[in-house]
Amino acid sequence: MTESLVGIAILLVLVFLRVPIGFAMALVGGIGFALMRSMDAAGAMIGSTVFDTGLSYTLSVVPLFIFMGNVLAQSGIAHGLFAGADRLFGRMRGGLALATVLSCGGFSAVSGSSLATAATMSRVALPPMRKFGYDDRLAAGSIAAGGTLGILIPPSVILIIYGLLTETDIGDLFIAGLLPGALGILLYLLAVIVTVRLDPSKAPEVGEVVPMSRRDTTGVLGTLALFVFIMGGIYGGVFTPIEAGGMGALFALVLALAIRGLDWAGFRTAVRETVLATAMIFAIIIGAEIFSTFINFAGLPAEMVDLIYEMDLSPWLVIGVMVLIYLVMGCVFESLSMILLTVPVFYPVVQQLDFGGGMLGNPDDVLIWFAIVVVVVTEISLITPPVGMNVFVMRSVIPDIELMTVFRGVFPFWIADLVRLALLIFVPWLSLALL
């Protein structure tokens, strides 16, 4: 266990020195394994990890869902979602912010990526809100927070990776994310309503409805059809969650071409962005696999389980400590790195916890419930300073907006997320009812 803790400490130092997290985990894990075994054993372990990860059939779903989201982003479908949502809320105070949250939820449901959602909706929603006099804090906060929904509402790349790490059924994880995702949208809408009630100057009294073109209408209906196609295909037994990535990417491409929203330049951009994102994700996954092999060989998960049994800690207290660790780590780690670094250590411990029956009486259900809790905590990390990846994505797309403006703007949504997190922890039904 001592070797594991030393390795984690060195990893944190490397992260603070701005060594890319994937390379830092691979470096620490490889050297740590070599010191405990031998250089030959470490070389064989690293080689097999890189080879197996690169040829993993189950991981092939990652670039496919990323490509699907990029095609939708480049085809202008996000504009249609925003226009459709504005039809519902445009005449209310703060209507454009409400429309932004709802359209972020819709785009998240088919893109599976928080960063893609934040980047796309920054271009789509911020200019109209500025045009009609919205405070930059409310405008930026609704976009940055709304973008976090992408890692929970299925299909979710983070849930897929969690399923691969814990050997949990990905289809069950997707269905478990539906109610918590919907709850997130509702609480974000409530956060906007409360914010403009407390400070009416942040939004005009009456918004102007954005005109909705025929292509926008097609985009809204097409996005809904894509979501139903993916989820219906998975739960109807037509294709597996892995095959859903390919089917969804094909459907998105056909949809984009049908509404004439994707030209050759847009297609090339979608492919390039997919390649860059996939390379980054696979580098982090490989580094995390190497590091987790070292951690497991050093015995950290097993010794944590033994320690919990010896101290006779309450399962709820253990979960509370884990959530606190995630909240602290979220201040310095980005979401995928945090998941890959902690889940291999935490999930063996969670499997051994005895919650005394009820909905958490089945260890498989405990892992599914824990996945939703972890993803919601990760969502919070996406808008938590000083890292807050969604905030930095917004800043890169809209350079003239200050980081502190965005961080102040996400505060009401951060509070809403804490409320949702508490509900999901103490009311497991919200995650398991649809299974």
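The following paragraphs examine the structure supplied in this document.

When its secondary structure is counted, the protein shows 22 helices and 0 strands. Against the 2.2 N^0.38 benchmark of 22 Å for 435 residues, the protein shows a C-alpha radius of gyration of 22 Å, consistent with a compact globule. For the C-alpha atoms alone, the extent of the protein along its principal axes is close to 65 × 45 × 45 Å. Evaluated residue by residue, the protein yields a buried proportion of 56% over its 435 residues. Across the protein, the fraction of contacts at a sequence separation of at least 24, relative to all contacts at a separation of at least 6, is 80%. A total accessible area of about 17,900 Å² is found for the protein, and carbon and sulfur atoms account for 67% of it. Charge-centre separation for the protein: the mean point of 19 positive side chains lies 19 Å from the mean point of 29 negative side chains.

In this section: unusual backbone geometry. Note that the residue after Pro154, namely Pro155, is joined by a cis bond; omega there is 0 degrees. Relative to the helices and strands, Pro155 resides in the loop between α8 (136-147) and α9 (157-166). With a phi angle near 60 degrees, Glu167 is a residue other than glycine that sits in the positive phi range. Here Glu167 is to be found in the loop between α9 and α10 (170-176). Exposure remark for Glu167: the relative accessible area of 75% places this residue in the exposed category.

A word on the packing of helix α1 (residues 2-16) against helix α14 (residues 264-298). At a minimum axis distance of 8 Å, the contact between α1 and α14 shows a crossing angle of 150 degrees. What the angle tells us is that α1 and α14 run roughly antiparallel. Contacts between α1 and α14 involve Glu3, Ser4, Gly7, Ile8 and Leu11 from the first element and Phe291, Phe294, Ile295 and Ala298 from the second. Of the residues assigned to the contact of α1 with α14, the class counts are 6 nonpolar, 2 polar and 1 charged.

Summed over all chains, the structure comprises 12 aromatic pairs. Measuring from ring centre to ring centre gives 5.4 Å for Tyr188 and Phe413, while their planes differ by 85 degrees; the resulting arrangement is edge-to-face. Separated by 225 residues along the polypeptide, Tyr188 in helix α11 (residues 178-198) and Phe413 in helix α21 (residues 411-426) bring together distant segments of the chain. Accessibility expressed as a relative area gives 0% for Tyr188, which makes it buried. Relative to Phe346, the ring of Tyr326 lies with its centre 5.7 Å away and its plane at 80 degrees, an arrangement referred to as edge-to-face.

A few words now on the nonpolar core. Core analysis: the largest hydrophobic core is formed by 147 residues, its most contacted members being Leu11, Trp369 and Phe370. Of all the elements, helix α18 (residues 363-381) adds the most residues to this core, at 13 residues. When sequence neighbours within four positions are dropped, the list of residues in contact with Trp369 reads Trp316, Ile319, Phe355, Leu360, Leu424, Ile425, Pro428, Ser431 and Leu432. With 7 residues, the next largest nonpolar core counts Phe33, Met45, Ile286 and Ile290 among its residues.

Nonpolar side chains collect at one region of the surface, where Leu179, Trp316, Met359, Phe411, Ile415, Val419, Leu423, Phe426, Val427, Trp429 and Leu434 lie side by side and expose about 1,000 Å² of accessible area between them. Among the elements that take part in the nonpolar patch, α21 stands out by supplying 5 residues, more than any other. Taking the relative accessible area as the measure of exposure, Val427 reaches 34% and is therefore partly exposed.

Moving on to the packing of α14 against helix α17 (residues 335-351). How two helices sit against one another is set out by the angle between their axes and by the gap between those axes. Where α14 contacts α17, the two axes come as close as 9 Å, and the packing angle between them is 25 degrees. Relative to α17, the element α14 lies roughly parallel. Of the two possible hands of crossing, α14 and α17 adopt the one that is right-handed. Between α14, through Ile281, Ile284, Ile285, Ala288, Phe291, Ser292, Ile295 and Asn296, and α17, the contact on the second element is made entirely by Leu336, Ser337, Leu340, Leu341, Pro344 and Val345. Tallied by class, the residues present in the contact of α14 with α17 amount to 11 nonpolar, 3 polar and no charged.

Side chains of Glu3, Glu303, Asp306 and Glu310 sit close together on the surface and give a patch of like negative charge. With 3 residues, the top contributor of residues to the negative patch is helix α15 (residues 300-311). Mapped onto the fold, Glu303 is located in helix α15.

Another point: the environment of Leu432. Relative to the assigned elements, Leu432 resides in helix α22 (residues 429-432). Among all residues touching Leu432, those that are not within four sequence positions of it are Met359, Leu360, Asp365, Ile368 and Trp369.

Here is what the cut-offs are and how they apply
- Residues numbered from 1 in each chain as written.
- Predicted model: local features only at pLDDT ≥ 70, side-chain atom pairs only at ≥ 80, totals over all residues.
- Heavy atoms only, no water.
- Helix = DSSP H or I, 4+ residues; strand = E, 2+ residues; numbered from the N terminus.
- Rg over C-alpha atoms; globule rule 2.2 N^0.38 Å.
- Buried < 20%, exposed > 50% of the residue type's maximum accessible area, 1.4 Å probe, protein only.
- Contact = heavy atoms within 4.5 Å.
- Areas by Shrake-Rupley, 256 points an atom, 1.4 Å probe, with all protein chains shown as cover.
- Lys, Arg positive; Asp, Glu negative; His and termini not counted.
- Charge placed at Lys NZ, Arg CZ, Asp CG, Glu CD.
- Axes fitted to C-alpha atoms, helices over the stretch in contact; angles between N-to-C directions.
- Parallel < 35°, antiparallel > 145°, perpendicular 65-115°, else oblique.
- Nonpolar A, V, L, I, M, F, W, Y, C, P; charged D, E, K, R; others polar.
- Phe/Tyr/Trp six-rings, centres within 6.5 Å; stacked < 30°, edge-to-face > 60°.
- Core = buried A, V, L, I, M, F, W, Y, C linked by side-chain atoms within 4.5 Å.
- Patch = residues over 30% accessible without salt bridge, like charges linked within 9 Å, V, L, I, M, F, W, Y side chains within 5 Å.
- Salt bridge = Lys/Arg side-chain N within 4 Å of Asp/Glu carboxyl O.
- Left-handed = near helix turned anticlockwise from the far one by under 90°.

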